[in-house]
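Inside the fold
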Amino acid sequence: MMKAQKQRLSLTQKEISQQEDFTDPKELYEKLIKTIRAYHPSTDISMIEKAYHLADDAHKQQKRKSGEPYIIHPLCVAITLAELELDKETIVAGLLHDVVEDTEYTLEDITREFGEEVALLVDGVTKLGQLSYSHDKMDIQAENLRKMFLAMAKDIRVILIKLADRLHNMRTLQYMRPEKQKEKARETMDIYAPIAHRLGISKIKIELDDLSLKYLEPEVYADLEEKLDSIMKERKEFIESIVKEVQAHVEEAGIRAEVDGRVKHYFSIYKKMRNQNKTLDQIYDIFAVRIKVETVKDCYAALGVIHELYKPIPGRFKDYIAMPKDNMYQSLHTTLIGSSGTPFEIQIRTFEMHRTAEYGIAAHWKYKEGGGNINKEEEKLSWLRQILEWQQDMSDNREFLAMLKTDLDLFAEQVYCFTPQGDVKTLPAGSVTIDFAYMIHSAVGNKMVGARVNGRQVPIDYKIQNGDRIEIITSQNSKGPSHDWLSIVKSSQAKSKINQWFKSQFKEENILKGRELLDRYAKAKRITISDYKKPEYQKKCMQKYGLKNWDSVLAAVGHGGLKEGQVVNKLKEEYEKQHRKELTDEEALQEITEKNKADKGGNRPRSRSGITVKGIHDVSARFSKCCSPVPGDEIVGFVTRGRGISIHRTDCVNMLCLSESDRNRLIDAEWEVDAAESTGELYMTEICLYAHNRTGILLDISKIFMEMKVDIKSVSTRTSKQGLATIAITFPIRDIEELNHIIKKLRNIESVIDIERNAG
């Protein structure tokens with residue numbers, strides 16, 4: 001805990017993340033009402049009081065992990081919303097946000113008691129609470145995020161309640177299991193902190209960042225906390241002297257101002273240390289002085305005073321007042337050299353800008369009877385509209401997540417430029433004139449043939465600099481964007497629009513290519529594809545991948561959005577569901593046992609597989625080609641009629657997608673000890689290697705197999721228009737240990753992005 005003598009500085013991050021130790025619900029409720037009355041002109045709190053009593057009654061039998069009454073949580077959520085000075089309906093929804101999900105109350109009850117607006121907010125938060133995030137389940141994660149952004153678009157207050165809910169859960173995360181702590185912290189770091197940043201709510205974003213770091217990197221956090229304490233002791237006098245000096249000179253210039261000093265939050269410092277590969281003592285802008293004034297004119301006047309007083313560092317001045325950030329943040333930033341030679345940062349802003357910086361979009365709510373109307377503020381969230389456009393354009397979840405991660409990046413540098421009419425546009429640093437064209441309109445980008453910067457013609461891959469005035473040259477005779485543009489542009493928006501153009505322009509070509517790839521894959525796997533092309537099987541496949549018709553599936557395969565193996569296996573799965581005959585594992589096992597007896601009696605030669613099924617050795621087992629199990633894999637048997645038992649990996653797609661009736665045909669199976677050595681067999685396996693295409697990559701892959709003395713039985717390659725190579729390799733191995741060793745070596749090859757093992 002920071003000591004009392006440090007109180008002259010603004011709250012440190014340790015103090016910010018320290019919540020008041022209220023354990024009595026009545027005290028918390030009194031704090032809530034006090035916070036509301038500090039900004040609410042009305043004394044009518046009857047609706048809030050009614051919501052509190054209903055929530056208290058609904059949760060009366062429930063306890064939190066800490067052992068406290070559950071009502072503590074919704075009260076703390078409501079207090080956070082009140083600190084953001086939100087409207088009455090939002091605070092009521094905050095008090096009731098867990099009632100529908102966790103108690104006997106229904107949405108109809110909420111509507112009847114508190115009206116449609118509150119019910120819609122509670123319903124939105126309840127649905128968000130049912131989302132789950134997983135780095136391993138990309139499709140589920142993408143769909144959940146799509147739902148979240150749709151909820152935000154309907155009413156941005158839904159996500160504000162969710163952020164307040166997540167903040168209190170993070171503050172009390174110490175009561176969760178360690179694995180749950182890391183899971184929640186990662187989810188917060190990846191999803192909720194970036195959204196708080198995009199909404200401009202630094203008050204919440206900063207604390208979410210620091211609390212996430214605390215549980216994801218506990219040792220780093222503790223070390224940083226200890227070192228910052230010692231640095232504070234050393235530099236306290238320095239920063240206080242700067243504050244006094246600045247305050248005196250600003251007042252002398254006749255500018256009414258508030259001046260304070262603060263330490264930057266832990267996660268910001270940690271990120272800077274990691275990205276710049278520096279130690280804490282090499283980061284000079286740990287402290288910042290903030291000047292708050294009345295008007296924009298005073299901001300620039302104060303800047304002049306400061307630059308007279310201290311020497312500014314060249315290239316370290318940023319004017320976010322003239323060119324605000326996308327999340328509405330405005331301020332002047334300048335880095336200076338103090339009289340002792342120590343650098344420090346000063347931020348200058350108006351009181352209203354400071355309020356926006358702290359509360360973001362929430363700063364523009366007006367607490368009024370009947371709820372707040374914030375449509376004008378929602379219009380400022382251009383990034384949210386952009387994400388909603390992507391959702392409609394992108395069927396590929398991997399592409400959507402990559403674009404989203406780029407767009408929500410907290411630490412992406414930006415460049416500011418102007419249209420010929422003088423409008424300011426913000427783009428990611430490193431953007432080229434093509435990015436600018438697509439920011440204006442997709443039609444401008446698609447017809448672009450050149451660009452002028454500051455009146456001078458430049459190449460289309462010219463990197464935009466701060467302050468550039470850009471004019472795009474278009475032509476109706478343009479044939480559209482080039483594939484090369486995808487490797488040149490920086491912004492997610494431009495990449496999305498270019499990809500969209502190619503998908504629409506070459507749909508027929510992609511359909512033909514997709515059909516050819518499916519036929520080629522089926523032929524390689526000795527599958528009669530015509531058996532599976534029935535409308536009912538195709539419909540199931542279209543539903544799985546969220547596509548409207550079969551041509552869209554073929555086009556997705558053609559342009560690389562779907563793998564042909566995924567589509568064929570889904571069709572095959574649906575076909576087999578319909579044609580499999582019911583068979584219990586007991587009946588089949590009896591059949592297999594009889595056959596084994598006959599084999600041992602000399603009717604046919606014994607076959608050792610190295611597999612034990614339900615304690616029986618030397619079972620007639622065959623290894624499935626769909627997932628190619630090898631010794632060391634977790635396996636399961638699938639009983640077939642007339643062909644013994646088929647052995648699959650437990651993560652085989654065909655096993656994971658079995659119907660309830662077919663699950664009765666699964667049977668326990670395991671490898672015998674040293675199966676590979678006892679049988680002397682080699683087991684065929686297949687891997688898919690994804691890489692940026694380049695000359696010599698196949699040679700490098702072959703060298704690895706030669707060094708390992710492993711024969712390659714087959715190789716098939718294809719390269720997408722974006723230069724992504726997919727290389728399928730089939731080869732024999734002894735066991736999983738040998739396979740893992742090969743994959744580890746292949747991952748070290750230059751240009752290799754990822755390696756997947758065929759899972760059916």
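Turning next to the overall build of the protein. Assigned secondary structure in the protein consists of 33 helices and 19 strands. Buried residues in the protein amount to 52% of all 760 residues. Here the protein has roughly 37,200 Å² of accessible surface; of this, 48% comes from carbon and sulfur atoms.

On to the nonpolar core, then. If you look at the biggest cluster of nonpolar residues, it comprises 101 residues, and the most contacted ones within it are Leu 32 and Leu 96. Broken down by element, the residue count for this core peaks at 10 residues, all from helix 13 (residues 218–252). Residue contacts for Leu 96: discarding those within four places in its chain leaves Ala 51, Leu 54, Ala 55, Ile 110, Phe 114, Val 118 and Val 122.

On the surface, Leu 698, Ile 712 and Val 715 cluster together into a nonpolar patch covering about 220 Å² of accessible area. Assignment of secondary structure puts Leu 698 in helix 32 (residues 697–707). Accessibility expressed as a relative area gives 41% for Leu 698, which makes it partly exposed.

For the protein, mean pLDDT is 77; residues scoring 70 or higher make up 76% of the total. Taken as a whole, residues 131–138 scores under 50 in pLDDT and shows 18 contacts with residues more than four places along the chain or in a different chain.

So, on to the packing of helix 24 (residues 507–524) against helix 26 (residues 550–558). Running from N to C, helix 24 and helix 26 cross one another at 80 degrees; their axes reach a closest spacing of 6 Å. Considering their axes alone, helix 24 and helix 26 lie roughly perpendicular with respect to each other. Where helix 24 approaches helix 26, its residues Lys 507, Asn 510, Ile 511, Lys 513, Gly 514, Arg 515, Leu 517 and Leu 518 are matched on the opposing element by Trp 550, Asp 551, Ser 552, Leu 554, Ala 555, Val 557 and Gly 558. For the contact of helix 24 with helix 26, a count of residues per class yields 7 nonpolar, 4 polar and 4 charged.

The subject of this paragraph is the environment of Cys 652. Relative to the assigned elements, Cys 652 resides in the loop between strand 14 (645–649) and helix 29 (653–656). Classification of Cys 652 as buried rests on a relative accessible area of 0%. For the pair Cys 652 and Ser 624, spaced 28 residues apart in sequence, the C-alpha separation works out to 9.7 Å.

Attention now goes to the packing of helix 11 (residues 178–198) against helix 12 (residues 202–216). Their axes nearest at 9 Å, the elements helix 11 and helix 12 cross at an angle of 155 degrees. Between helix 11 and helix 12, the crossing angle belongs to the class labelled roughly antiparallel. Once helix 11 is placed against helix 12, the crossing between them reads as left-handed. Two secondary-structure elements touch here, helix 11 through Gln 181, Lys 182, Ala 185, Arg 186, Thr 188, Met 189, Tyr 192, Ala 193, Ala 196 and His 197 and helix 12 through Ile 204, Lys 205, Leu 208, Asp 209, Ser 212, Leu 213, Tyr 215 and Leu 216. Considering only residue class, the contact of helix 11 with helix 12 consists of 10 nonpolar, 4 polar and 4 charged.

Between side chains of opposite charge, a pair can form as their charged atoms come close. This model, assessed by the stated rule, comprises 23 salt bridges. Between Asp 57 and Lys 60 there is a salt bridge, with its nearest N and O atoms 3.2 Å apart. Here the residues in one salt-bridge network are Asp 87, Glu 117 and Arg 157, joined through shared partners.

Moving on to the pairing of strand 16 (residues 683–692). Most of strand 16 sits out of view: 8 of its 10 residues are buried. The pairing of strand 16 with strand 18 (residues 724–733) spans 10 bridges and is antiparallel. Note that in strand 18 the partner of Ile 687 across the bridge is Ile 729. In this sheet, strand 19 (residues 752–757) lies alongside strand 16 in antiparallel orientation, the contact comprising 5 bridges. Pairing of Ile 687 across the sheet is with Arg 757, part of strand 19.

Our focus in this paragraph is the sheet that holds strand 13 (residues 635–639). Remark on secondary structure: sheet strands pair via backbone hydrogen bonds, oriented parallel or antiparallel. Pairing is mixed in the open sheet, where 5 strands are placed in the order 11-15-13-14-12. Sheet topology places strand 11 (611–613) and strand 12 (621–623) at the edges, where each strand pairs with a single neighbour. The sheet shows a mean angle of 35 degrees between the axes of neighbouring strands, taken without regard to direction. Note: strand 12 against strand 14, 3 bridges, orientation parallel. In the strand pairing of strand 14, Arg 622 is matched with Ser 646.

Positive phi is not limited to glycine here, since Lys 709 has a value of about 55 degrees. Structurally, Lys 709 is set in the loop between helix 32 and strand 17 (714–719). A relative accessible area of 77% means that Lys 709 is categorised as exposed. One non-glycine residue, Ser 751, lies in positive phi territory at about 85 degrees. Counting through the fold element by element, Ser 751 comes out in the loop between helix 33 (736–747) and strand 19.

Reading guide: rules and limits
- Residues numbered from 1 in each chain as written.
- Predicted model: local features only at pLDDT ≥ 70, side-chain atom pairs only at ≥ 80, totals over all residues.
- Heavy atoms only, no water.
- Helix = DSSP H or I, 4+ residues; strand = E, 2+ residues; numbered from the N terminus.
- Buried < 20%, exposed > 50% of the residue type's maximum accessible area, 1.4 Å probe, protein only.
- Areas by Shrake-Rupley, 256 points an atom, 1.4 Å probe, with all protein chains shown as cover.
- Core = buried A, V, L, I, M, F, W, Y, C linked by side-chain atoms within 4.5 Å.
- Contact = heavy atoms within 4.5 Å.
- Patch = residues over 30% accessible without salt bridge, like charges linked within 9 Å, V, L, I, M, F, W, Y side chains within 5 Å.
- Salt bridge = Lys/Arg side-chain N within 4 Å of Asp/Glu carboxyl O.
- pLDDT = per-residue confidence, 0-100.
- Axes fitted to C-alpha atoms, helices over the stretch in contact; angles between N-to-C directions.
- Parallel < 35°, antiparallel > 145°, perpendicular 65-115°, else oblique.
- Nonpolar A, V, L, I, M, F, W, Y, C, P; charged D, E, K, R; others polar.
- Left-handed = near helix turned anticlockwise from the far one by under 90°.
- Pairing = 2+ DSSP bridges.

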